[in-house]
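Fold and contact review
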Amino acid sequence: MDRSWWWRAALILGVTLGSVWYLVPTYYSFFVLPREQRNDLKALAAVLPRWAPSATQRLSLGLDLQGGIHMVMRVDTRTALEKRTERRGVQIASAMKDRKLGEVDVDADPEKLQLTLRPKDPKTLDAIEKDVLDTYRDFTKVNRTGDALVLQLRDNQVDKFKEDSVDQAMLVIRRRIDKFGVGEVDVRKLGTDAIQISLPGRQDPEEAKDLVGRTAQLEFRMVDDQSTFFKDLLAKKPPPSGSDIAITSEEGFQQLKGKDQQELLAYVKGEVPAGKEVLLECKEAPNSAKNTCSSYITYLVEKQVPLTGESLSGADANFSQYGEPEVDVQFDASGARDFGDLTEKNVGKRMAIVLDDNVTSAPRINEKIPGGRARITLGRSFNKTNDEMLKDAQKLALVLKAGALPAPVTTGEVRQVGASLGDELIKKGSLAAVVGLLLVVVFMAVYYKRSGLIADVALILNGLLILAGLTAFGATLTLPGIAGFVLTLGIAVDANVLINERIREELANGKSARAAVDQGYDRAFWTIFDAHVTTLLAAFILFATGTGPVQGFATSLIVGLFASLFTSIVVTRAIVTFFVHGRNAQTVSV
Amino acid sequence: MQIIKHKTSIDFIGKRRPAMFISSLLNLAIVVGIAAVGFNYGVDFAGGTVVELKFNHPVSPEEVRHRAQSAGLHDVSVQRIGATGDNDYLLRLGGMTQLTGDTAAKAETAIKGLGPVKTFHADLENGIINFRAESKQAPDVVKKAVADTGTGVREVRELGEAQGGSGWDYQVVFSGMADRISAGMAKGLEKPDFIQQRVDYVGPQVGKQLRNKGLMALIYASLAILVYVAFRFDFKFAPGALVAMVHDTIMVAGFYLVAGFFGREFNLTSIAALLTIIGYSVNDTIVIYDRIREEMVRFKGKPLPEIINIAVNDTLSRTILTSGVTALSLVGLLIFGVGEIWDFAMAMLVGIIVGTYSSVYIASPLTIWLDERAAARAKATRPGGSKGAGSNKPQGGGKDKPKPKAAASAS
């Protein structure tokens with residue numbers, strides 16, 4: 001028994017105990033909590049022993065096993081781009097008229113994302129070209145033939161627009177689902193133009209499609225800043241213990257701030273004055289991941305909706321001549337009239353821009369805004385760079401566009417699994433795994449006797465490692481994942497068969513027990529290694545290209561192959577060495 | 001205990017010609033079959049809607065089919081899954097939404113009945129109709145008019161006044177096919193006698209994308225493994241491994257082709273099975289290659305066919321046992337797996353058997369053939385140089401013969 005053996009033994013023991021420790025939350029979530037609380041992290045945290053890992057470190061089930069809805073939405077950025085090109089054409093024509101540069105005929109070619117400008121008076125084309133290229137920087141000049149100027153949307157603008165559209169759609173979808181109160185939803189980008197959404201526990205695919213695929217609702221509503229509602233409420237009713245609800249002063253207005261959206265809404269519920277409503281604004285932490293809210297701020301707004309996004313015709317982020325980021329908003333004819341009236345009546349008040357019942361921004365109305373063009377100035381912020389300020393403006397513009405020019409979101413795929421089916425599949429899946437495991441274990445013990453038993457120990461450790469590994473990587477267990485798990489158990493034993501067969505051969509060649517074991521392991525090592533690497537290559541490619549359940553299979557396979565390498569080469573060898581070297585055995589039982 | 005005795009001496013190499021012939025014939029038949037008939041693509045790849053219904057009383061497939069027919073679901077396909085007593089059925093229809101060429105025409109008439117329409121476009125793929133009306137319409141009225149034609153409408157959206165005031169744009173969004181199936185199957189019943197277990201919709205575009213992605217994944221995986229084998233072994237070995245890999249993949253594809261005639265579908269899980277087989281096939285081949293390489297060093301100068309025969313015989317018990325235990329682990333899945341998972345386990349089983357066969361009868365003999373060709377070419381270009389066909393050099397000693405690349409491209 002040399003020193004390296006003790007090191008290895010310690011490593012094996014550490015890995016085993018670590019895996020068991022890591023699987024404690026998973027064990028509690030499946031076998032201690034009742035079925036309906038399986039996804040309740042708070043309930044899990046309450047029952048977990050103090051020494052256990054946190055409740056979030058548990059193996060969660062894929063949608064196919066726990067029931068729920070998986071959907072992929074495709075964002076039709078192309079249509080939105082074409083519309084944007086057309087819209088720009090109209091804007092340019094009217095801007096040229098406003099600036100007294102003469103009348104211009106603008107033809108849009110949405111297919112090519114091109115605009116052709118033909119002034120009535122060809123002599124003005126020089127001036128127009130200069131002005132247009134200066135003002136509308138998202139377009140570039142393609143060519144100028146005689147009396148016509150052809151412009152095209154810049155490629156980088158196209159890419160940016162596509163990215164923005166998907167981000168916007170994600171933001172809208174995430175906020176909507178958050179409000180729905182669905183636990184553990186997952187919204188992520190899939191490729192460049194699709195969004196993947198997981199809704200565990202949801203059962204109605206039509207409802208989900210409707211929720212996610214609906215056009216964003218944009219509204220303009222007046223904020224009631226005269227009221228001392230929030231201050232009074234805080235004086236009258238203390239916030240629930242443990243909450244961080246407190247008064248905050250936004251630009252001199254008294255509002256509530258809190259980290260927990262549901263808690264804030266519950267706190268104000270039933271207290272809101274008639275005709276008013278409390279809406280929240282999501283505040284993102286600086287440098288936070290995209291679309292995550294670090295806190296929420298309350299607004300007391302009028303229930304009445306004087307203007308909706310339907311009257312909006314466009315929005316663009318710019319820098320003003322004073323270097324402040326601003327959003328240029330354009331309304332259509334009837335919208336312009338309504339907006340003029342609204343601003344006239346409410347000078348000095350704040351107007352909330354509400355997207356799907358979330359306040360996005362609440363600019364103050366400084367004066368009456370006629371003519372259907374408004375500028376929302378975001379103001380200079382000294383702890384932000386120009387770039388960050390422009391980003392804020394662009395985000396607001398995006399929200400406004402979501403109401404005005406939404407990139408249509410269409411359903412790519414929807415997969416729903418009923419909860420009862422999920423339960424049945426778990427039962428069948430685990431039975432299948434147990435039967436497979438038992439067959440292999442019995443076979444190994446019968447065929448290879450004591451070496452077989454050692455392989456069986458490794459095999460069980462292997463199963464433990466896979467489960468712990470999947471937990472550590474935050475993977476979810478799916479039905480194909482179980483299939484992958486079973487298959488890797490087979491492959492893990494495969495490695496032990498290679499080793500044991502080799503040892504038998506060496507023994508048959510007249511080698512001593514010790515030499516046979518050493519050579520058996522040494523010689524089999526590269527074979528096992530190669531065999532694992534080739535399967536790993538296939539598994540990695542499957543992981544990279546697959547989605548949903550197939551990815552679950554690939555994850556199990558990958559984790560399983562690594563676990564198998566460890567158990568077959570390190571673990572069994574340490575055990576066999578213990579018997580053969582440590583006990584100085586003259587025979588080896590294979 | 002021992003199943004295969006250690007010193008077998010079966011002449012595998014001698015049977016390589018009939019084996020190759022039969023394998024080639026089968027492969028060819030499968031490829032032709034795929035080209036001519038094609039897989040029975042599931043919704044993952046073909047697009048469409050699948051609804052799994054579990055009835056609370058025994059029903060026969062004929063009854064389910066009959067009920068679907070009488071509910072107007074003419075193109076629905078019905079398949080039982082699981083055991084007879086489960087009363088579990090998959091109902092599949094093309095398309096994701098209720099908008100079809102037929103229902104679109106009805107909707108068009110209904111919409112035009114409300115007032116003059118300037119443009120009308122039905123997007124069957126997304127289940128959306130866009131139209132421009134001359135005058136402003138109430139979305140509710142439009143919704144009712146279209147719904148009255150018997151097609152489920154989810155929403156009518158007003159998109160606003162068109163540019164230049166040439167009309168008003170509207171969008172009609174149709175309900176999904178799953179609703180139609182469930183509603184149709186429950187028609188005339190007080191309470192549905194089934195529960196909707198599962199719904200899958202896949203859009204045709206996404207289906208096509210997934211299919212391309214799956215194919216690319218297979219190609220990438222094969223290439224990656226080939227490069228690895230070429231890097232770890234002699235280049236001489238790579239073509240053999242590749243041919244065995246392609247052979248096994250085609251055979252498993254053949255399983256899915258045949259299974260298609262029995263209503264089993266080719267879907268994402270099938271791609272997973274094919275990819276796993278690609279990995280596993282090489283796995284199996286490598287066990288033998290490793291031994292060939294070892295013996296080549298040990299029996300320097302012995303003709304390659306003999307060495308390969310020794311290597312294959314020596315590893316026979318390993319080859320059969322490793323495949324055997326992996327197959328053993330699948331037994332549980334074969335007993336308790338339903339639907340895709342059973343198909344997966346079966347495909348893996350086929351792959352393991354075929355993979356074992358191909359490692360012995362295809363991959364190894366092919367190495368001989370390539371070696372012979374290389375030697376023959378060496379002889380032709382360098383008269384009197386080589387010892388003749390079947391000569392063998394241990395790995396690394398191949399510098400004096402034509403570039404292995406040439407051998408690879410000859411395959």
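Just so it is clear, the structure is predicted and the values come from calculations on it, not from any experiment.

Here the focus is the overall build of chain B. If you tally the helices and strands in chain B, you get 13 helices and eight strands. Every one of the 411 residues in chain B was classed for burial, and the buried ones make up 47%. Looking at chain B alone, contacts between residues at least 24 apart form 72% of all its contacts between residues at least 6 apart.

A few words on the sheet that holds strand β18 (residues 358-361) of chain A. Two modes of strand pairing occur in sheets, parallel and antiparallel, and in both the strands are linked by backbone hydrogen bonds. Residue and element names in this part refer to chain A. Within the open sheet, the eight strands sit side by side as β10-β11-β13-β12-β18-β17-β9-β14. Their pairing is mixed. Each of the sheet's edge strands pairs with one partner strand only, and the pair in question is β10 (246-250) and β14 (307-308). Across the sheet, helix α9 (residues 229-236) is in contact with β10, β11 (253-258) and β13 (295-302); its angle to β11 comes to roughly 55°. Its contacts with the sheet place helix α10 (residues 261-268) against β11, β12 (276-283) and β13, and it is angled at close to 35° to β13.

Bringing the nonpolar core into the picture now. Counting residues in each nonpolar core, the largest one holds 231 residues, and the members touching the most others are A352(A), L400(A), V440(A), A483(A), V486(A), V252(B) and L275(B). Considering each element in turn, this core owes the most residues, 21 residues, to helix α13 (residues 419-472) of chain A. Here L275(B) is in contact with A538(A), I541(A), L542(A), A217(B), L218(B) and A221(B), once residues within four sequence places are set aside. Ranked by size, the runner-up nonpolar core spans 18 residues in total, among them A104(B), I111(B), I128(B) and V153(B).

Let us now look at the domain arrangement of chain B. Partitioning chain B into structural domains gives domain 1 (13-40 + 204-410), domain 2 (48-96 + 178-199) and domain 3 (101-175). Here domain 1 of chain B and domain 2 of chain B have C-alpha centroids that lie 42 Å from each other.

All names here are of chain B. Of all residues in chain B, 89% attain a pLDDT of 70 or more, and the chain-wide mean is 81. Per-element mean pLDDT across chain B ranges from 37 in helix α13 (residues 404-410) up to 92 in helix α1 (residues 16-36). Within the model, pLDDT remains below 50 along residues 385-411, and this stretch shows 52 contacts once partners closer than five positions in the same chain are excluded. Among the prediction metrics, the complex's ipTM stands at 0.76, with pTM recorded as 0.74.

Here we come to helix α14 (residues 479-508) of chain A. Residue and element names in this part refer to chain A. An ideal rise of 1.5 Å per residue puts 44 Å on 30 residues; α14 measures up with 44 Å between its terminal C-alpha atoms. Of all 30 residues that make up α14, 27 are buried, and the element is covered over most of its length. Directly beyond the C-terminal end of α14, a positive phi value near 90° is found at G510.

To continue, consider the domain arrangement of chain A. Once the domains are mapped, chain A shows domain 1 (3-23 + 418-582), domain 2 (68-214) and domain 3 (216-283 + 293-377). Relative to domain 2 of chain A, the C-alpha centre of domain 1 of chain A lies at a distance of 52 Å.

Before going further, it helps to spend a moment on the interface of chain B and chain A. Facing 67 residues of chain B, the contacting portion of chain A comprises 63 residues. When contributions to the side of chain B that touches chain A are tallied by element, the ones reaching two or more residues are β6 (153-161), α6 (177-185), β8 (194-202), α7 (204-232), α9 (268-298), α11 (316-336) and α12 (339-381) of chain B. Partitioning the side of chain B that touches chain A into residue classes produces 37 nonpolar, 19 polar and eleven charged. The pairing of strand β20 (residues 409-417) of chain A with β8(B) spans five bridges and is classified as antiparallel. In the strand pairing of β8(B), E413(A) is matched with V202(B).

Residue and element names in this part refer to chain B. Inspection of the secondary structure puts A107 in helix α4 (residues 101-112). In this structure A107 comes out as buried when scored by C-beta crowding, with 25 C-beta atoms within 10 Å. For A107 and V350, which are 243 residues apart along the polypeptide, the C-alpha to C-alpha distance reads 50 Å. Residues in contact with A107, not counting those within four places in the same chain, are I129, V146, T149, T151 and V172.

Turning our eyes to something else, we now look at the packing of helix α1 (residues 3-22) of chain A against α13(A). All names here are of chain A. With their axes 9 Å apart at the nearest point, α1 and α13 run at an angle of 55° to one another. As the angle between them shows, α1 and α13 are arranged oblique. By crossing handedness, the relation of α1 to α13 is classed as left-handed. Between α1, through T16, S19, V20 and Y22, and α13, the contact on the second element is made entirely by L461, L464, L465, A468, T471 and A472. For the contact of α1 with α13, the class distribution of residues is seven nonpolar, three polar and no charged.

What follows is about the sheet that holds strand β3 (residues 104-109) of chain A. All names here are of chain A. Judged by pairing direction, the sheet is antiparallel, and its four strands sit side by side in the order β3-β4-β6-β5 without closing on themselves. Every other strand in the sheet has two partners, leaving β3 and β5 (139-145) as the edge strands with one partner each. Across the sheet, the axes of successive neighbouring strands diverge by a mean angle of 25°, strand direction being ignored. Summarising the sheet, β5 and strand β6 (residues 148-153) pair through six bridges and their orientation is antiparallel. The partner of K141 across the bridge, within β6, is L151. Contacting β3, β4 (114-119) and β6, helix α5 (residues 77-98) runs over the sheet at an angle of about 175° to β3. Contacts between helix α6 (residues 125-135) and the sheet are confined to β3, β4, β5 and β6, with β4 contributing the most and set at about 145° to the helix.

Reading the values: the criteria
Residues numbered from 1 in each chain as written. Chains lettered and ligands numbered in written order. Predicted model: local features only at pLDDT ≥ 70, side-chain atom pairs only at ≥ 80, totals over all residues. Helix = DSSP H or I, 4+ residues; strand = E, 2+ residues; numbered from the N terminus. Buried ≥ 20, exposed ≤ 12 C-beta atoms within 10 Å, placed from the backbone. Contact = placed C-beta atoms within 7 Å. Pairing = 2+ DSSP bridges. Axes fitted to C-alpha atoms, helices over the stretch in contact; angles between N-to-C directions. Core = buried A, V, L, I, M, F, W, Y, C linked by C-beta atoms within 7 Å. Domains from an automatic or database assignment. pLDDT = per-residue confidence, 0-100. Expected span 1.5 Å × (residues − 1). Nonpolar A, V, L, I, M, F, W, Y, C, P; charged D, E, K, R; others polar. Parallel < 35°, antiparallel > 145°, perpendicular 65-115°, else oblique. Left-handed = near helix turned anticlockwise from the far one by under 90°.

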